[in-house]
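# Observations on the three-dimensional arrangement
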Amino acid sequence: MRKVVKFGGSSLASARQFKKVKAIITSDKTRCFVIPSAPGKRDAKDIKVTDLLYQCYEAASTGQSYKRTLSLIRKRFEDIIEGLELSLNLDFEFKKIEENFVKKVGREYAASRGEYLNGIVMAEYLGFPFIDAAEVICFDQDGSFLPEKTNEELRLRLSTVKQAVIPGFYGAKPDGSITTFSRGGSDVTGSLVARAIHADLYENWTDVSGFLVADPRIVDNPAPIGTITYRELRELSYMGASVLHEDSIFPVRKEGIPINIRNTNRPDDPGTMIVENTTKKSPFTITGVAGKKGFCSVIIDKAMMNSEIGFGRKVLEVFEKNNISFEHMPSGIDTMSVLVHQDDFQEKEQAVISGINRAVHPEVVELESDLALIAVVGRSMKANRGTAARIFAALSHARINIKMIDQGSSELNIIIGVANDDFENAIRAIYDIFVTTAL
């Protein structure tokens, strides 16, 4: 068995955190390839190293004073090196960084140096070979990521070593200039490495013990999610749950490699396992509940619209022409509703209304604003009768009016529309009916 382990910025913010990471890696010899992020915040008032690098580059590239910020960055790494009692000197690296900042080599180069330097420190601390991501993560000259070339480069390079540290977040173009991932960051690098070596497991270590059934800012001490499928994860992340970005999941999903989200500060917690599919039943009918505020509904009424061929297409073309994407489209025989992001719609609302009137000649076009959408997601819902009825009962008991309901054909999720003001209470009511009552 071989595992790829990625550690986030909070897991590598100090020498104390580095020691926890080493204990995790050395406790399991199958943890072969390590993907470090840049040092994150040590406390709430601290600044991430990446943010300091941006500040330093901005000053250096515009001829302003940058020495103090560069010294702060240097001290962060020297404190880690000293705390780990390493005989490692980064003078050469910092001299090269300073020269490149003054030469204005680019913000992406600046942003990547936190991962690069932390990778050097981590490799020295573990006694693993260091592989610069610029040599194995490939972009074309326009800055577009090259997944197959990267996979081949990683596969060839990693076949020559049994263990290695590869810093996350960045790669390089053919001319050697550094390019960073726009979304997903170091998570993407870990996923790419896992794919290249055909890893048995990709462990993503952070400061939380996996995913929770609901947002802890809304529900007190929500239950953890033990196992979640990629499809469930996508539904929850689309509706605002703070989870891995899709870009960081695709490479391992393509290979059927599971991801385990773990907590560096609580390494004995099992965390959340993300899998393609599973026979494991969720302890609750739902896997998770998440949502977002800030939607509005455009309601189009016209008698016999259901018999008018092309009616829906004509309506949606109006939104397309105004560059507005829709979220959901529940409809009846004589009524069609289009839910959109309110901020996107407000600037163009009159153009949309007039466009709909010209396109389909409705009897009425109504608008309902300040709506929230909530996704109730779970692979177990399909096998449980009365799931929608329980949601209705919970919301009715909490005196919450349902504005809209939409269920996907897969029966994996149910989307509920409520007023913005009812959003938090609706989340709590749904959580209570499915989770609290089951505990």
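Residues numbered from 1 in each chain as written. Predicted model: local features only at pLDDT ≥ 70, side-chain atom pairs only at ≥ 80, totals over all residues. Heavy atoms only, no water.

## Let's talk about the overall build of the chain
On a plain count of helices and strands, the chain comes out with 14 helices and 15 strands. Taken along the three principal axes of its C-alpha coordinates, the chain extends 80 × 50 × 40 Å. Per-residue burial over the chain gives 51% buried out of 439 residues. Taking the contacts inside the chain whose residues are at least 6 apart along the sequence as the reference set, 75% of them involve residues at least 24 apart. For the chain, the computed accessible surface area is about 21000 Å², with 48% contributed by carbon and sulfur atoms. Measuring between centres, the 55 positive side-chain charges of the chain sit 5 Å from its 58 negative side-chain charges. (Helix = DSSP H or I, 4+ residues; strand = E, 2+ residues; numbered from the N terminus. Buried < 20%, exposed > 50% of the residue type's maximum accessible area, 1.4 Å probe, protein only. Contact = heavy atoms within 4.5 Å. Areas by Shrake-Rupley, 256 points an atom, 1.4 Å probe, with all protein chains shown as cover. Lys, Arg positive; Asp, Glu negative; His and termini not counted. Charge placed at Lys NZ, Arg CZ, Asp CG, Glu CD.)

## Structural notes on the pattern of salt bridges
A full pass over the atoms with the stated rule returns 28 salt bridges. Between K3 and E203 there is a salt bridge; the shortest N-O distance is 3.7 Å. Separated by 200 residues along the polypeptide, K3 in strand β1 (residues 3–7) and E203 in strand β6 (residues 201–206) bring together distant segments of the chain. A relative accessible area of 10% means that K3 is categorised as buried. Taking the relative accessible area as the measure of exposure, E203 reaches 1% and is therefore buried. One network of salt bridges, in which partners are shared, links K3, D28, R31, E203 and R262. (Salt bridge = Lys/Arg side-chain N within 4 Å of Asp/Glu carboxyl O.)

## A short note on the nonpolar core
Residues V121 and I166 are the most contacted members of the largest nonpolar core, which totals 117 residues. Take this core: its biggest share by element is ten residues, from helix α5 (residues 107–126). (Core = buried A, V, L, I, M, F, W, Y, C linked by side-chain atoms within 4.5 Å.)

## Details of the packing of helix α10 (residues 311–321) against helix α12 (residues 349–360)
Where α10 meets α12, the closest approach of the two axes is 9 Å, and the angle between their N-to-C directions is 150 degrees. Of the possible angle classes, the one that applies to α10 and α12 is roughly antiparallel. Note on packing geometry: the crossing formed by α10 with α12 is right-handed. Note on element contacts: α12 touches α10 through V352, G355, I356, A359 and V360, opposite F311, K314, V315, V318 and F319. (Axes fitted to C-alpha atoms, helices over the stretch in contact; angles between N-to-C directions. Parallel < 35°, antiparallel > 145°, perpendicular 65-115°, else oblique. Left-handed = near helix turned anticlockwise from the far one by under 90°.)

## Looking at the side chain of N100
Mapped onto the elements of the fold, N100 is located in helix α4 (residues 91–102). Judged by relative accessible area, N100 falls into the buried class, the value being 16%. At a separation of 2.9 Å, a polar atom in the side chain of N100 contacts the side chain of Y109. Ignoring any residue separated from it by four or fewer positions in sequence, one finds N100 in contact with Y57, V105 and Y109. (Polar contact = N/O pair within 3.5 Å; in protein donor to acceptor, adjacent residues only side chain to side chain.)

## Topic: the packing of aromatic side chains
This structure, assessed with the given rule, holds nine aromatic pairs. Seen in terms of ring centroids, Y116 and F130 are 5.8 Å apart; in terms of plane orientation they differ by 75 degrees. Their pairing is edge-to-face. Separated by 14 residues along the polypeptide, Y116 in helix α5 and F130 in the loop between α5 and α6 (147–158) bring together distant segments of the chain. The exposure class of F130 is partly exposed, given its relative accessible area of 26%. Ring geometry for F145 versus F181: centroids 5.3 Å apart, planes at 65 degrees, classification edge-to-face. Residue F145 is found in the loop between α5 and α6, and its partner F181 is found in the loop between β5 (178–180) and α7 (186–196); the two are separated by 36 residues along the sequence. Counting every residue linked through ring pairs, the aromatic cluster contains Y57, F101 and Y109. Above the ring of Y125, the side-chain terminus of K22 is found at 4.5 Å from the ring centroid. Here R113 stacks its cationic end above the ring of Y116, 4.3 Å away from the centre of that ring. (Phe/Tyr/Trp six-rings, centres within 6.5 Å; stacked < 30°, edge-to-face > 60°. Lys NZ or Arg CZ within 6 Å of the ring centre and 35° of its normal.)

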